[in-house]
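# Residue-level structure breakdown
Here is how the chains run, residue by residue.
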Amino acid sequence: MNKVSKFSLLFFFLVLAQWGNAQNKINGKKIYETRCLVCHQSDGGGVPNMNPPLDGASNVNGKDIARLVKIIRNGYDERVALDGMYYNNAMAANPDLKEEAIADVLTYIRTSWSNKAGVVTTSQVKAALVKNKAAKK
Amino acid sequence: MKKLTQLVSVAFLAFSLPVLAQENAGLKLPEGFKANLFANNIGAARHIAITKSGVVFAKLNNSNKDGNSIVRLEDANNDGVADKINGWAKYGGTGIFVKGNNLYASSNEAIFKYELNSKDEVVNPLAPVTIVSGLIDRRQHNSKSITFDMANNIYVNIGAYSNACQEKDRMPGSQGMMPCPILDSAGGIWKFDGSKENQTYKDGKRYGTGLRNVIGLDWNTTTNQLYVAQHGRDQLNSFYPNLYSDAQNAELPAETFYEIKEGDNAGWPYIYYDPIQHRKIVSPEYGGDSKKEGSSEYKEPAVAFPAHMAPMAVLFYTGNQFPAKYKNGAFISFHGSWNRAPLPQEGFFVAFVPFKDGKATGEWEIFANGFAGTENGAKIANPSKAKARPCGLAQGPDGSIYVSDDTKGAIFKISYNK
């Protein structure tokens, strides 16, 4: 393969990857709207004292993907401060969400509003589920 | 030169005053009423109570920047604005009530009593008497609002730590538990003796049940009866998209206002009230299909309000300052919704419920609006965008009413201009 075709192949894959990410985000948005929006709201701003904001939240933009995966899969109901505030509602589990769907919704919340934390891949979610399972034992 | 600066500063004041002090503190009121900010930024003020001399006590949801969770506000120079403000206590909570020479306040699991001296100052801020403790606090719906009857009994709301008593709370497809075990210790109003110390569940009595979460309650002294406002259930559309559209969820179920007699059951979680069909409907978690009518054993609401607006306080107006139509009617504050999403949110106002011959007429109207602070009353997508959210209500000795806000902690004073 000559240099030019190598380059265009790379370019092709890059475009494909970008297109794939856009598709992931669209799918993530759909999941967000049907399962999450009611509590975390359309602007990701949450509801004071009830449901935490996802927009600008340090955990959502952070590096601990395994924790985020666990919250989506198992739900979340702990008396902990999130960015210094407490929230009183209980988040239900989503046991039926497949790995890919979890990756898509996490990609959506990490790249929407003011968040710029970047995509979460299906393989990251799989690894996180294995890690969370091991931690449980 | 001195004259000139004086002139300039007078002109400056004249121009800046209307900007600094918004007309009626930004509220929209019926003809003849006026409002001003009695206080601002005192911390998340939940319920408020006022003594016979006009001292205001506010219970905060959590400690404010001074580390206090109860604030005392006095308008010593009588200009309508608090000028002596101080506080104490370290426990967040909602309930506060003045009864005789005592001040009662609640945390999310207990009720405490303080003693007031002749100047309405608290004698024992650091050593309150525990009246009730050990009430369930599982975070969801944990605030404990309090009121008194004309004897010395306390009525306290214990909210259900659940949305619809599903086996798994807020999990799509999870069935409702039958019977709902939560109702043994929550989801109702409990009655305690206001003069006895150290009571818990076994000393009290479940006075009314089937109430998911009540934050606003008040004793109607003209009919000698308890009235409560319930927060209806959430998320019909997200759990049952085949039965309820987003638009239907935004209108269902009603926020309900009840007259509660001892032993009454308002039906949560088995039924909800549909304000469009004007009847009780069986909850989908209990086999309902959005039309099946609920049992007649459950209480009919006195008034049905639009869904999800979150009633926070009830105040029967007994003053003489307002026009006659308000006398012995009820004011209800609405915090503003979140569960109408993706549709715009509603509420953020104080409503008035007229009473005739000791009964609610079933009608209601908006009394004070504009708390959210949007341009031209524009709709709000997310309640966190509201400038103020109405919460507590209380009547002053001169017949004015006070409305607290639990975002930054404004207290509005509303009076009638004869």
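Residues numbered from 1 in each chain as written. Chains lettered and ligands numbered in written order. Predicted model: local features only at pLDDT ≥ 70, side-chain atom pairs only at ≥ 80, totals over all residues. Heavy atoms only, no water.

## Some points on the overall build of chain A
What counts is decided by this rule: Think of it this way: any DSSP run of H or I at least four residues long counts as a helix, any run of E at least two long counts as a strand, and we number them from the N terminus. Exposure classes here rest on a 1.4 Å probe applied to the protein chains alone. A residue is buried below 20% of its type maximum, exposed above 50%, and partly exposed in between. Whether two residues touch is decided by their heavy atoms; if any such pair falls within 4.5 Å, the residues are in contact. Per-residue accessibility takes into account occlusion by the displayed protein chains alone, with areas from the Shrake-Rupley method and a 1.4 Å probe. In summary, the charge assignment counts Lys and Arg as positive and Asp and Glu as negative, without counting His or the chain termini. One atom stands in for each charge, and that atom is NZ of Lys, CZ of Arg, CG of Asp or CD of Glu.
Counting its regular elements, chain A contains four helices and zero strands. Counting helices and strands in the order they occur from the N terminus, chain A gives α-α-α-α. Taken along its principal axes, the extent of the C-alpha atoms in chain A is 60 × 35 × 25 Å. The buried share of chain A, reckoned over its 137 residues, is 36%. Considering only contacts within chain A whose residues lie at least 6 apart along the sequence, 58% involve residues at least 24 apart. If you sum the accessible surface of chain A, you get close to 8200 Å²; carbon and sulfur atoms cover 61% of it. Separation between the mean location of the 19 positive side-chain charges and that of the 11 negative ones in chain A comes to 8 Å.

## Quick look at the interface of chain A and chain B
Heads up, the condition is: Defined here as a combined quantity, buried area equals the accessible surface (1.4 Å probe) lost by two parts on assembly, summed across both. Think of a polar contact as two N or O atoms within 3.5 Å of one another; within protein, one of them needs to be a possible hydrogen donor and the other a possible acceptor, and neighboring residues in sequence only count if both atoms come from side chains.
Taken together, the contact pairs 23 residues of chain A with 21 residues of chain B. Summing both sides of the interface, chain A and chain B together bury roughly 1900 Å²; the carbon and sulfur share of this comes to 48%. The tally of links between chain A and chain B comes to 11 residue pairs in polar contact (both at pLDDT 80 or more).

## Section: the confidence of the model for chain A
The line we're drawing: pLDDT is a per-residue confidence score from the predictor, ranging from 0 to 100.
Overall, the predicted model of chain A reaches an average pLDDT of 89, with 91% of residues at or above 70. At the low end of the mean pLDDT range in chain A sits helix α1 (residues 3-40) of chain A, at 80; at the high end sits helix α3 (residues 99-111) of chain A, at 97.

## Section: the state of the cysteines
Heads up, the rule is: Two cysteine sulfur atoms form a disulfide, by the criterion used here, when they sit within 2.5 Å.
Scanning all chains against the criterion turns up one disulfide over all chains. Sulfur-sulfur distance for the disulfide between cysteine 165 of chain B and cysteine 180 of chain B comes to 2.1 Å. Between cysteine 165 of chain B and cysteine 180 of chain B the sulfur-sulfur dihedral comes to about 90 degrees; the bridge is accordingly right-handed. In this pair, cysteine 165 of chain B is assigned in the loop between β11 (153-158) and β12 (188-193) and cysteine 180 of chain B in the loop between β11 and β12, connecting sequence segments 15 residues apart. By relative accessible area, which is 4% here, cysteine 180 of chain B ends up buried. Sulfur of cysteine 39 of chain A: no disulfide; nearest cysteine sulfur belongs to cysteine 36 of chain A and is 8.7 Å away. Here cysteine 39 of chain A falls in the buried class, since its relative accessible area comes to 14%.

## Quick word on the packing of helix α2 (residues 65-74) of chain A against helix α4 (residues 122-136) of chain A
Residue and element names in this part refer to chain A. Convention followed: Helix axes are fitted to C-alpha atoms over the stretch in contact, other axes to C-alpha atoms as well, and angles between N-to-C directions run from 0 to 180 degrees. Reported orientations rely on four angle classes, namely roughly parallel under 35 degrees, roughly antiparallel over 145, roughly perpendicular from 65 to 115, and oblique for the rest.
Packing of α2 against α4 leaves a shortest axis separation of 9 Å and a crossing angle of 80 degrees. Our classification of the angle between α2 and α4 gives roughly perpendicular. Contact residues: α2 offers Ile65, Ala66, Val69, Lys70 and Arg73, while α4 offers Gln124, Val125, Ala128, Leu129, Lys131 and Asn132.

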